[in-house]
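So you can see what is in the structure, the chains are spelled out below.
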Amino acid sequence: MNEDRVESGLVALDKMLGGGYFRGDSTLIAGSPGTGKTTLAIQFLASGVMDDEPGVFVTFEYLPQQMYRDALAKGWDLKEWEKSNKFRLICTTPEVLIAEDEKGNTLLDEAIKEIKAKRIVIDSLAHFEFLGLSQSELRGTIAGFMNHLKLKEVTTLVTHEIPEIIGPVMRISDFGFEFLVDNVIILRYVEMEAELKKAFIILKFRGGDHDRKLHEYITTKTGIEIENPFQNVEGITSGASRKTATQRAKDLI
Amino acid sequence: MADEKSKLGLKKLVEVWTDSDLKIEILVFFHNNPGVIDTVEGLAKRLGKTVDVVKHEIADHINIGILKERKIGDKIVLTYDKTQEQEIEAFIEEEINKKLGCAVNAKGAQR
């Protein structure tokens, strides 16, 4: 097993993961709309650009011009990264992405080879659901795709949208995407004292110990910042937290 | 490709390239979104146009070489060739310079 770690782009997350992602592993970032999945993914690639680990961002959703603009607002000049061959932005469809030419190469294989990419982001897995495949076919397709990237030793982040904004029910996907990846990170809204906050949760981290606490995080002008764990509250994963019994007693006293 | 442009000449090249609003729209779209790799059907959806119209309008772009068609799996996809864009810019600059007899860059500024 590969013990080499890859920085996530967030010092706090690296600490929570015991040093970063394992090289070649895949991580699912699941969250409701607006929780910062894409930002977290670009932060991962930005860290790669700094570490001389080129990256490819595959988007099924945003047009490149939108990505260039939004990333630039956070200080990431994707066009410059592209010019210096540290980055490629591919905007396509899942059908085209997984199609192979006569030599068995996909578009992603070509981009990886072209810039010697070490990091990949796929935004988002939800679009694979529109391929019209059965549940088992879809799982097989994605599992094969992930294995292929693992064999190339590229560290992969895939995003996936959770439709529920808040509430006790939270299903990651109908297709069990969470079982096809090594790690799962959940970004979710929580209601706390009539305020909507955001919780950063590492649900699964294969092959290593990790911080199991639920951390608050904020999205700033320069990206995501993970803060201290929530304290004296419970029920955060239900979306509607409440103070712990001890805290309520303390408040009464 | 360089031969293709020379054969056409500047006037014809610009005419072929820009004789409809949609042709210009497609060029601007790919200039702003060079990473788009899609089928004609996908491109039509992105542009909010019908497939037949888009198919007709991209023919000259493919002929000039700024858009390339390639087969991947059972699909024909379109890719944008940014180097062709730079080549065409250089060609336009050269043609203008020849005509004016002075150095003008493709974006219009006189040097």
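Structure: see above.
Remember, it's a predicted structure, so these values are computed and weren't measured experimentally. (Residues numbered from 1 in each chain as written. Chains lettered and ligands numbered in written order. Predicted model: local features only at pLDDT ≥ 70, side-chain atom pairs only at ≥ 80, totals over all residues. Heavy atoms only, no water.)

1. Focus on the overall build of chain A
In terms of helices and strands, chain A carries eight helices and 13 strands. Here the C-alpha radius of gyration of chain A, 19 Å, is about what a compact globule of 253 residues would show, namely 18 Å. For chain A, the C-alpha atoms occupy an extent of roughly 75 × 40 × 40 Å along the three principal directions. With 253 residues in all, chain A has 53% of them scored as buried. Accessible surface for chain A amounts to roughly 11,900 Å². Of this, 50% is attributable to carbon and sulfur atoms. Put simply, chain A has 31 plus and 39 minus side-chain charges, and the middle of one group is 3 Å from the middle of the other. (Helix = DSSP H or I, 4+ residues; strand = E, 2+ residues; numbered from the N terminus. Rg over C-alpha atoms; globule rule 2.2 N^0.38 Å. Buried < 20%, exposed > 50% of the residue type's maximum accessible area, 1.4 Å probe, protein only. Areas by Shrake-Rupley, 256 points an atom, 1.4 Å probe, with all protein chains shown as cover. Lys, Arg positive; Asp, Glu negative; His and termini not counted. Charge placed at Lys NZ, Arg CZ, Asp CG, Glu CD.)

2. Notes on the interface of chain B and chain A
Taken together, the 16 residues of chain B in the interface contact 18 residues of chain A. Between chain B and chain A, a total of about 1,300 Å² is buried, with carbon and sulfur atoms accounting for 57% of that surface. Its largest share of buried area at the contact with chain A, chain B owes to B:Ile37, B:Arg46 and B:Ile72, together 36% of the area lost on that side. Our count for the contact surface shared by chain B and chain A stands at two salt bridges. (Contact = heavy atoms within 4.5 Å. Buried area = accessible area lost by both parts, 1.4 Å probe. Salt bridge = Lys/Arg side-chain N within 4 Å of Asp/Glu carboxyl O.)

3. Here's the deal with the pattern of salt bridges
By the definition in use, this model includes 19 salt bridges over all chains. Of the charged contacts, one joins A:Lys83 and A:Glu80 as a salt bridge, the two residues approaching to 3.4 Å between their closest N and O atoms. Residue A:Lys83 and its partner A:Glu80 are located together in helix α4 (residues 78-83), separated by three residues, close to a single helical turn. For B:Lys23, the salt bridge goes to B:Asp60, with nearest N and O atoms at 2.6 Å. Placement of the pair is B:Lys23 in helix α2 (residues 21-32) and B:Asp60 in helix α4 (residues 51-64), with a sequence separation of 37 residues.

4. Considerations on the packing of aromatic side chains
On inspection of all chains with the given rule, the structure shows eight aromatic pairs over all chains. Aromatic pair A:Tyr21 and A:Phe44: ring centres 5.7 Å apart, planes at 85 degrees, arrangement edge-to-face. One end of the pair, A:Tyr21, is in strand β2 (residues 21-22); the other, A:Phe44, is in helix α2 (residues 37-50), and 23 residues separate them in sequence. Exposure remark for A:Tyr21: the relative accessible area of 1% places this residue in the buried category. In this structure A:Phe44 comes out as buried when scored by relative accessible area, which is 0%. For the ring pair B:Phe29 and B:Phe30, a centre distance of 5.4 Å and an interplane angle of 85 degrees mean the geometry is edge-to-face. For the pair shown, B:Phe29 and B:Phe30 are each scored as buried. (Phe/Tyr/Trp six-rings, centres within 6.5 Å; stacked < 30°, edge-to-face > 60°.)

5. Quick notes on a nonpolar patch on the surface
Residues and elements named next belong to chain A. A contiguous nonpolar surface patch, about 260 Å² in accessible area, is contributed by Ile165, Ile166 and Leu196. Inspection of the secondary structure puts Ile165 in the loop between β7 (155-161) and β8 (183-192). Take Ile165: its relative accessible area is 40%, and that puts it in the partly exposed class. (Patch = residues over 30% accessible without salt bridge, like charges linked within 9 Å, V, L, I, M, F, W, Y side chains within 5 Å.)

6. Quick word on the side chain of A:Glu53
All names here are of chain A. Within the secondary structure layout, Glu53 lies in the loop between α2 and β4 (55-59). Since its relative accessible area comes to 12%, Glu53 is described here as buried. A distance of 2.7 Å separates a polar atom in the side chain of Glu53 from a polar atom in the side chain of Arg23. Residues within four places of Glu53 in sequence aside, it is in contact with Val6, Arg23, Gly48, Lys118 and Arg119. (Polar contact = N/O pair within 3.5 Å; in protein donor to acceptor, adjacent residues only side chain to side chain.)

7. Structural notes on the environment of A:Met67
All names here are of chain A. For Met67, the position within the fold is in helix α3 (residues 64-73). Along the backbone, Met67 and Ala249 are 182 residues apart, and their C-alpha atoms lie at a distance of 49 Å. Apart from the residues lying within four places of it in its own chain, the contact partners of Met67 are Ile42, Phe57, Tyr62, Leu78 and Leu89.

8. Some thoughts on helix α5 (residues 82-100) of chain B
All names here are of chain B. The end-to-end C-alpha distance of α5, which contains 19 residues, comes to 27 Å, matching closely the 27 Å that a straight helix rising 1.5 Å per residue would cover. Listed in full, the buried residues belonging to α5 are Gln84, Glu85, Ile88, Phe91, Ile92, Glu93 and Glu95. Gly101 sits one or two positions beyond α5 and adopts a positive phi of about 70 degrees. (Expected span 1.5 Å × (residues − 1).)

9. Digging into helix α7 (residues 135-151) of chain A
Note that an α-helix has 3.6 residues per turn; residues three or four places apart therefore point the same way. Residues and elements named next belong to chain A. The end-to-end C-alpha distance of α7, which contains 17 residues, comes to 24 Å, matching closely the 24 Å that a straight helix rising 1.5 Å per residue would cover. The set of residues buried in α7 consists of Leu138, Ile142, Phe145, Met146 and Leu149. Angular distribution of buried residues about the axis of α7 spans 95 degrees; they occupy a single face of the element. Exposed residues pointing more than 90 degrees away from the buried face of α7 are listed as Ser136 and Leu151. Structurally, α7 contributes buried residues whose contacts are with β3 (26-31), α5 (94-98), α6 (107-115), β6 (119-123) and β7. (Arc of directions from axis to C-beta.)

10. A short note on the packing of α2(B) against α4(B)
All names here are of chain B. Remark: α2 packs on α4, axes separated minimally by 9 Å, with the N-to-C direction vectors making an angle of 70 degrees. Relative to α4, the element α2 lies roughly perpendicular. Contacts between α2 and α4 involve Leu22, Lys23, Ile26 and Leu27 from the former and Val53, Glu57, Ile58, Asp60 and His61 from the latter. Here the contact of α2 with α4 is composed, by residue class, of five nonpolar, one polar and three charged. (Axes fitted to C-alpha atoms, helices over the stretch in contact; angles between N-to-C directions. Parallel < 35°, antiparallel > 145°, perpendicular 65-115°, else oblique. Nonpolar A, V, L, I, M, F, W, Y, C, P; charged D, E, K, R; others polar.)

11. What to know about the environment of A:Thr159
Residues and elements named next belong to chain A. Structurally, Thr159 can be placed in strand β7. Residues contacting Thr159, with those up to four places away along its chain left out, are Leu28, Ile29, Lys37, Ile122, Asp123, Ser124 and Leu125. Within polar-contact distance, the side chain of Thr159 engages the side chain of Asp123 at 2.5 Å.

Keep in mind that these numbers describe shape and distance, not what the molecule does.
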